Amino acid sequence: GGGNQGPPKRQVKLEKECEFRIEVGETPLRLRLVSGTAEVFGTELPPEIWLTFHPRLKFAVFTWYGATLEMDGTTETDYTADETPMITYVNVHAVLEGRRKRAKASSTTNPDSSQGPRVMVVGPTDSGKSTLSRMLLSWAAKQGWKPTFVDLDIGQGAITIPGCIAATPVEMPIDPVEGIPLEMPLVHYFGHTTPSVNVELYKVLVKELSLTLERQFTGSSEARAAGMVINTMGWIEGVGYELLLQAIDAFSVTVVLVIGQEKLCSMLKDVLKNKPNVDVVKLQKSGGVVSRNPKLRQKSRSYKIREYFYGIGNEFAPHSNIASFSDLSVYRVGGGPQAPRSALPIGAEPTADPTRLVPVNINHDLLHLVLAISFAKEADEIISSNVAGFIYVTDIDIPRKKITYLAPAAGDLPSKFLIVGSLTWVET
Ligand code: ADP
């Protein structure tokens, strides 16, 4: 590039403990650290190197001691803020750090004292939960820990596509542009972007994920001492609140960080007061957090799916594959037609089993849906198994009984068991 068109490069000088908040527009923004030190959500910027932030990204560059930045490109908005909750946030990190050190120093045979902090971040939508989770993970990783990131937010997950709950170790500060590198995330597919579609199934999957992590932690004192950071959904009322309590229990959470919600904080303090090993801490919401309306949320879900197949900057080349109907077994969990009363034992009432596996006929209804590929070896293992990845159905040929789908790679799927929910995508 390097033509003479477009806006000139621009320098921004930041005083200590200030942040520069940016909403990238429809074109990428290049930015670099010219002098001083600065970080993006807990990850330090490398000196001098130009980074390209993708369109529509909303982020902040924070400096503890002062910095000068240089930008190339236009932004939707940008401004400097000198009031941030970063000091409180880093103080939380310091407390967690102390607990990790204590856990590491303790005898590994004692499951309680060798367990590092299990932190859950809660609060309404757009309170900065994902961002705080990310900072806590990156600061911990910078100090050499490998904390486990658990994301229970099926609406706007940070680990994989929407509709999933997932976990992955974070071994390095999270890249401001690329996000978390995914070796082998542990993913369960719920298949919908709101838990209300099947609350019981959501709970079952949360429990499955927690059990798997518990098993992994038993075998790794390193992972145990580093602990977890759990990001949650913004649904905090009614059933949403019940789900938070269930997750606190399932993951044996020891620290609950409540962002910007007095009421939720006092409710949690009250209900957890009999558990002396659980701390509930209220934190201020950052003024930089950007609210997203339902339409933007929908768009960002769609980008996440696109990113899964194509990468952030179109660096992946997904494959279009064709399979015969008979090679695949598609299941839906819960719902579906119930057994007729006549088929039940006398006196039994037909109940909708939320975790019942319902075989799904392959037909046009699957078009444009995103399906998960289960690791299950048998159909009855589907709920307890995590998923290998996803496919996107692009064509159904009924006469030839062939299904065409997009997958990250060519070749056979790792399993014939596929899970379908209501997650759709329209390729743009
Ligand atoms: P939640 O997880 O509670 O829904 P997020 O952490 O995803 O909220 O924050 C919402 C949006 O605001 C995200 O796009 C995030 O990158 C942005 N954001 C968060 N904190 C800041 C900040 N200090 N400056 C600029 N943007 C921010």
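Structure: above.
The structure contained in this document is the topic of the report that follows. (Residues numbered from 1 in each chain as written. Predicted model: local features only at pLDDT ≥ 70, side-chain atom pairs only at ≥ 80, totals over all residues. Heavy atoms only, no water.)

What follows concerns helix 7 (residues 294–310). Helix length check: helix 7 (17 residues) gives 24 Å between terminal C-alpha atoms against 24 Å at 1.5 Å per residue, within 8%. Within the span of helix 7, buried status applies to R297, R301, S302, I305, F309 and Y310. In the core, the buried residues of helix 7 are packed alongside strand 20 (370–374), strand 21 (387–397) and strand 22 (402–407). (Helix = DSSP H or I, 4+ residues; strand = E, 2+ residues; numbered from the N terminus. Expected span 1.5 Å × (residues − 1). Buried < 20%, exposed > 50% of the residue type's maximum accessible area, 1.4 Å probe, protein only. Contact = heavy atoms within 4.5 Å.)

We now examine the pairing of strand 7 (residues 58–63). Side-chain positions along a regular strand alternate between the two faces of the sheet. Within strand 7, five of the six residues are buried, which leaves it mostly tucked inside the rest of the structure. Pairing analysis gives six bridges linking strand 2 (residues 18–24) to strand 7, with the strands arranged antiparallel. By the bridge assignment for strand 7, I22 is matched with F59. Of the pairings in the sheet, the one linking strand 4 (residues 39–40) to strand 7 comprises two bridges and is antiparallel in character. Bridge pairing links V40 to V61 in strand 7. (Pairing = 2+ DSSP bridges.)

Neighbouring residues of the ligand: 18 residues in total, closest E19, K58, K129, S130 and T131. In the model, an oxygen atom of the ligand is placed 2.9 Å from a nitrogen or oxygen of the G128 main chain. Here a nitrogen atom of the ligand and a side-chain polar atom of S286 are 3.4 Å apart. Sorting the residues of the shell around the ligand by element identifies strand 2, strand 7 and helix 2 (129–142) as the ones contributing at least two each. Across the shell around the ligand, the residue classes break down as six nonpolar, six polar and six charged. (Near = heavy atom within 4 Å. Polar contact = N/O pair within 3.5 Å; in protein donor to acceptor, adjacent residues only side chain to side chain. Nonpolar A, V, L, I, M, F, W, Y, C, P; charged D, E, K, R; others polar.)

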